[in-house]
Amino acid sequence: FSYKFRNIICFIYSYGKYDLFSICYNGLLGLLSKFTQKFESKGQCVMSGNFITVGIPIYNAENYLSDAIKSILAQSYPFWELILVDDGSTDNSLKIAQEFAEKDKRIRVISDGLNKKLPARLNQIIREAKYDYIARMDADDIIAANRFEKQIEFLRNNQNFDLVSTGLLSLKNN
């Protein structure tokens, strides 16, 4: 890449069922696009702080969404915003997201009624992000309560790393 992004983003994966390679590839394209636009004129990157933007694209996830959001609310690291982007759900996903947003000012819900698919929604989250650290997860993910704390600490202590990932534990509904 032609830009050196040092300790700017925490592009994080958690426990989910999607193909991580394709999500990483599409999401990384969006990240690079954002940074190119944001820092091209300056020629360097400046860290804006240690807040995290957490993005969750949603499509018909009413059975899992509450647990995913609750796992973010339970984080030991409180400095985050949550962007929930509805991708044209036909179930109660949007309503569930809006109910959480009414209770916590760190949560934003975006919905245009369209089904644009995952890569477009990941790029939308990146454009909407207020902070340079960006974590993404799926609507059916549940994350450990100390995930953000550990990953931010790792990035602070290892400034030669730009991206952080996690392992996953796949749970089946049987």
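Residues numbered from 1 in each chain as written. Predicted model: local features only at pLDDT ≥ 70, side-chain atom pairs only at ≥ 80, totals over all residues. Heavy atoms only, no water.

Participant: Help me understand the overall build of the protein chain, please; the structure alone is not making it clear to me.
Facilitator: For the protein chain, the helix and strand inventory stands at 5 helices and 4 strands. Mapped in sequence order, the helices and strands of the protein chain form the string α-β-α-β-α-β-α-β-α. Among the 174 residues that make up the protein chain, the fraction classed as buried is 41%. Excluding contacts between residues fewer than 6 apart, the proportion of contacts in the protein chain whose partners are at least 24 apart in sequence is 82%. Total accessible area computed for the protein chain in this model is approximately 9,500 Å², and 52% of it derives from carbon and sulfur atoms. (Helix = DSSP H or I, 4+ residues; strand = E, 2+ residues; numbered from the N terminus. Buried < 20%, exposed > 50% of the residue type's maximum accessible area, 1.4 Å probe, protein only. Contact = heavy atoms within 4.5 Å. Areas by Shrake-Rupley, 256 points an atom, 1.4 Å probe, with all protein chains shown as cover.)

Participant: Help me out: how do you make sense of the confidence of the model for the protein chain in this one?
Facilitator: Any residue range with low pLDDT should be treated as having predicted coordinates unsuitable for detailed reading. Chain-level pLDDT for the protein chain is 78 on average; 70% of the residues reach the 70-or-more range. In the predicted structure, residues 1-48 sits below a pLDDT of 50 and forms 115 contacts with residues beyond four places in sequence or in another chain. (pLDDT = per-residue confidence, 0-100.)

Participant: What exactly am I supposed to notice about unusual backbone geometry here?
Facilitator: Glycine aside, residues mostly have negative phi, and peptide bonds are mostly found in the trans state. Residues other than glycine seldom take positive phi values, yet Asn60 does so here, at roughly 45°. Structurally, the position occupied by Asn60 is in the loop between β1 (52-58) and α2 (65-73). Even without being glycine, Lys117 reaches a positive phi, approximately 80°. Structurally, Lys117 is set in the loop between β3 (107-111) and α4 (118-128).

Participant: What am I meant to see in the nonpolar core here?
Facilitator: The nonpolar side chains of soluble globular proteins are, as a tendency, buried together. In this structure, Ile52, Val54, Ile72, Leu82 and Phe148 are the most contacted members of the largest nonpolar core, which totals 26 residues. Contributing elements (two or more residues each) for this core: β1, α2, β2 (80-86), α3 (93-103), β4 (133-136) and α5 (147-157). (Core = buried A, V, L, I, M, F, W, Y, C linked by side-chain atoms within 4.5 Å.)

Participant: Can you help me understand the sheet that holds β4 in this one?
Facilitator: Reading across the sheet, the 4 strands line up as β3-β2-β1-β4 and stay open at both edges, with parallel pairing between neighbours. In the strand order of this sheet, the two ends are held by β3 and β4, each with one partner. On average, adjacent strands in this sheet sit at an angle of 20° to one another, irrespective of strand direction. Across the sheet, α2 is in contact with β1, β2 and β3; its angle to β2 comes to roughly 165°. This element, α5, spans β1, β2 and β4 of the sheet and lies at about 140° to β4. (Pairing = 2+ DSSP bridges. Axes fitted to C-alpha atoms, helices over the stretch in contact; angles between N-to-C directions.)

Participant: Would you take a moment to explain α3 for this structure?
Facilitator: Residue pairs three or four apart in sequence face the same way in an α-helix, which turns once every 3.6 residues. Along α3, the residues that are buried comprise Ser93, Ile96, Ala97 and Phe100. Down the axis of α3, the sector holding all buried residues measures 100°, keeping them to one side. Looking at the buried positions of α3, the neighbouring elements they touch are β1, α2, β2 and β3. (Arc of directions from axis to C-beta.)

Participant: Can you walk me through the pattern of salt bridges in this structure?
Facilitator: Opposite charge on two side chains permits pairing when their charged atoms draw close. Taken as a whole and judged by the stated rule, the model has 7 salt bridges. The partner of Arg121 in a salt bridge is Asp87, with the nearest N and O atoms 2.7 Å apart. Placement of Arg121 in helix α4 and of Asp87 in the loop between β2 and α3 is noted, with a sequence separation of 34 residues between them. Looking at Arg121, the relative accessible area reads 1%, which means it is buried. (Salt bridge = Lys/Arg side-chain N within 4 Å of Asp/Glu carboxyl O.)

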